[in-house]
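# Tertiary structure, described
Chain by chain, the residues run as shown.
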Amino acid sequence: MEYNFRETEKFWQNEWQQNLAYNVSNDSSKPKYYVLDMFPYPSGAGLHVGHPLGYIASDIFARYKRLKGFNVLHPMGYDAFGLPAEQYAIDHGIHPAVSTAKNIDTFRKQLDNIGFCYDWSREVHTCDPAYYKWTQWIFLQLFKSWYNRSSNKAESIEGLIKIFESEGNINHPVPNQKFQILSHNGGSESQTFSASDWRAFDEFTRQAILMEYRLAYCGYGEVNWCEALGTVLANDEVINGVSERGGFPVVKKKLRQWYLRITEYADRLQSDLDSLAWSDAMKEMQTNWIGRSSGAEVVFKLASPPAPLRAERGETKPSESGRFYKTEGNSWHILKEYGRHNKKNPTPAENLLWQTIRNNKLGVKARRQHAIQGYIVDFALLEVRLIIELDGEYHNEEQQKIYDEARTEFLNEFGLNLLRFTNQEVLNDITAVNKKIKAAIEEQRQTGNSNADVPLLREEKGLGDEASPGVRVYTTRPDTIFGVDFM
């Protein structure tokens, strides 16, 4: 007999619905268990394969716990109040209320057809005023609260005002270390104030100070702004400079917006991990996310890169400055792309030689596909003014020989010595090639043609920092910096 699955499924789904099979009572002697799925965005014509992929796993677990004697709460809802639903409505030319209701109806039918054990009496629509009035209520509680570091908990902002009236903020410093308060007599700026200062502040200044303490506060920050969508986007909603929804241009913009002062809870969250029955791997992940960042600040002294000099900084032209490693501005973008292409697509000989000279294996830093004026050289050992070129068969052609000679003559003018090998020389005997390179390095050093006289190795001022040469970098993982052996 043929199994009519559609008729059977329809029968049992109707039975479950009529008998409220998966409704959960709050009054139960059974131990409680909560299984929550991530609510889907009803922003399409139906579920996609990613929805049941996760929901089936949690449904199996919910059924398992129910069979083990637990009172299992397994609800479902729709994250229907936001950009995805709004964009869907715009794309299809319908009002969001209409399109969202229609999509929710489709999603519900599809979820029922799959046979999930949801308690539909607890269904949530985030676009329902009866729901989002509570998110607004929560926001107001946060706005009316501040985090007392002494008691390690949130307290009423009214209590903070009383503290300011009696003792100022000497025992409760401003969370934002950059915030400055102008004294009431127009004097110096400070982060601390006395009770008398507080009483002398006008209402605007008082509210500005309180805003720096509130758990929900308004401040300025750089955001991803999409003009076409008229909203701010999270980083993961921006793909290659355009919005994930609609593909509209996104720019960085400084805007005043609302924030939550979650960093005030960081220490509490981290210490409370010890009381949770979680795996060590999960605790470590949470610690890395919410814990303090301890690291090192390193100043890297830099030789100028081959990028063009900038006229707006008053620098001279490359030929006048004597810095032969600079390129002309109108050719730099071409050379840069050409060098990148060559790095990604090395010949077998180039790759073999690079593996034997990289990472200071010859006692000298080697640069690959380096731009010098209007040329790209294969390998540059600038510390000893040595250039290494690998030649293919086409270098035997008459026209190419003329070009090579002119290139060599040009680079020689800057005291650069060129060492040429054919691809076959490198592939046939890399040891012999390395010996010649080492000999050339030693010769350059003995003749004094080394770093003492190389213009590019003189100290450059730090980027935006006239006091210290180089670039100042802060990192929480100094062991990942190139060249660091141990910490």
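What counts and how
Residues numbered from 1 in each chain as written. Predicted model: local features only at pLDDT ≥ 70, side-chain atom pairs only at ≥ 80, totals over all residues. Heavy atoms only, no water. Pairing = 2+ DSSP bridges. Helix = DSSP H or I, 4+ residues; strand = E, 2+ residues; numbered from the N terminus. Axes fitted to C-alpha atoms, helices over the stretch in contact; angles between N-to-C directions. Core = buried A, V, L, I, M, F, W, Y, C linked by side-chain atoms within 4.5 Å. Buried < 20%, exposed > 50% of the residue type's maximum accessible area, 1.4 Å probe, protein only. Contact = heavy atoms within 4.5 Å. Phe/Tyr/Trp six-rings, centres within 6.5 Å; stacked < 30°, edge-to-face > 60°. Lys NZ or Arg CZ within 6 Å of the ring centre and 35° of its normal. Expected span 1.5 Å × (residues − 1). Polar contact = N/O pair within 3.5 Å; in protein donor to acceptor, adjacent residues only side chain to side chain. Patch = residues over 30% accessible without salt bridge, like charges linked within 9 Å, V, L, I, M, F, W, Y side chains within 5 Å. Areas by Shrake-Rupley, 256 points an atom, 1.4 Å probe, with all protein chains shown as cover. Salt bridge = Lys/Arg side-chain N within 4 Å of Asp/Glu carboxyl O. Lys, Arg positive; Asp, Glu negative; His and termini not counted. Charge placed at Lys NZ, Arg CZ, Asp CG, Glu CD.

### A look at the sheet that holds strand E18 (residues 417–422)
- Strand order in the open sheet made by the four strands is E15-E16-E17-E18, with mixed pairing throughout. If you trace the sheet from one side to the other, it starts and ends with strand E15 (367–372) and E18, each paired once. Strand after strand, the sheet turns through a mean of 45° between neighbouring axes, direction not considered.
- Of the strand pairs in this sheet, strand E16 (residues 375–381) and strand E17 (residues 386–391) are connected by three bridges, and their pairing is antiparallel. Across the sheet, the residue bridging to Ala 380 is Ile 387, located in E17.

### Some thoughts on the nonpolar core
- Membership of the largest hydrophobic core comes to 21 residues, with the highest contact counts inside it found for Leu 353, Leu 381, Leu 386, Phe 421, Val 426, Ile 437 and Ile 441.
- Of the residues forming this core, the biggest block, five residues, is contributed by helix H16 (residues 430–446).
- In contact with Leu 386, not counting residues within four places along its chain, are Phe 379, Ala 380, Leu 381, Leu 416, Asn 417, Leu 419, Ile 437, Ala 440 and Ile 441.
- Counting residues in hydrophobic clusters, the runner-up holds 15 residues, among them Ile 161, Trp 198, Phe 201 and Ile 209.

### Here's the deal with the packing of aromatic side chains
- All told, the structure shown has 22 aromatic pairs when counted by the stated rule.
- When the centroid spacing of 6.4 Å and the interplanar angle of 75° are considered together, the rings of Tyr 78 and Phe 107 count as edge-to-face. Here the residue Tyr 78 occupies a position in strand E3 (residues 77–78), and Phe 107 occupies one in helix H4 (residues 96–114), the gap between them amounting to 29 residues.
- The buried category is assigned to Tyr 78, whose relative accessible area is 0%.
- Classification of Phe 107 by relative accessible area gives buried; the value is 1%.
- Taken together, Trp 146, Phe 164, Phe 193, Trp 198, Phe 201 and Tyr 213 form an aromatic cluster joined through their ring pairs.
- When the ring centre of Phe 143 is taken as origin, the NZ or CZ atom of Arg 214, which lies over that ring, is 4.0 Å away.

### Considerations on helix H5 (residues 129–143)
- The end-to-end C-alpha separation of H5 is 20 Å, in line with the 21 Å expected for 15 residues at 1.5 Å each.
- Where H5 starts, the residue carrying a side-chain oxygen 3.0 Å from the main-chain nitrogen of Ala 130 turns out to be Asp 128.

### Here we look at the environment of Phe 193
- Its place among the elements puts Phe 193 in the loop between strand E8 (189–190) and helix H7 (195–200).
- Put simply, Phe 193 and Gly 168 are 25 residues apart on the chain and 5.5 Å apart in space, counted from C-alpha to C-alpha.
- Among residues more than four places away in sequence, those in contact with Phe 193 are Phe 164, Glu 167, Gly 168, Asn 169, Ile 170, Ile 181, Trp 198, Phe 201 and Ile 209.

### Regarding a negative patch on the surface
- Together, Glu 398, Glu 405, Glu 409 and Glu 413 make up a region of like negative charge exposed at the surface.
- You can see Glu 409 is positioned in helix H14 (residues 398–412).

### Considering the pairing of E16
- Among the seven residues of E16, seven are classified as buried, and the element is accordingly described as predominantly covered.
- With five bridges joining them, E15 and E16 adopt antiparallel strand pairing. The partner of Arg 367 across the bridge, within E16, is Ala 380.
- The loop that links E16 with its antiparallel partner E17 comprises four residues; one of these, Arg 385, has a positive phi angle of about 55°.

### Focus: the pattern of salt bridges
- Throughout the structure, instances matching the rule amount to nine salt bridges.
- Note that Arg 122 is salt-bridged to Asp 119, the shortest N-O span being 2.9 Å.
- On the basis of relative accessible area, Arg 122 is assigned to the partly exposed category, the value being 27%.
- For Asp 119, a relative accessible area of 0% corresponds to the buried category.
- Overlapping salt bridges, with partners in common, bring together Arg 108, Asp 112 and Glu 123 in one network.

### Some details on the pairing of strand E5 (residues 145–148)
- Burial of the side chains of E5 extends over both faces: Ser 145 and Tyr 147 are buried on one face and Trp 146 and Asn 148 on the other.
- As defined by bridge partners, E5 adjoins strand E6 (residues 153–156) across four bridges and the pair is classed as antiparallel. Bridged to Tyr 147 within E6 is Ala 154.
- Between E5 and the antiparallel strand that follows it, E6, lie four residues; Asn 152 among them carries a positive phi value of about 65°.

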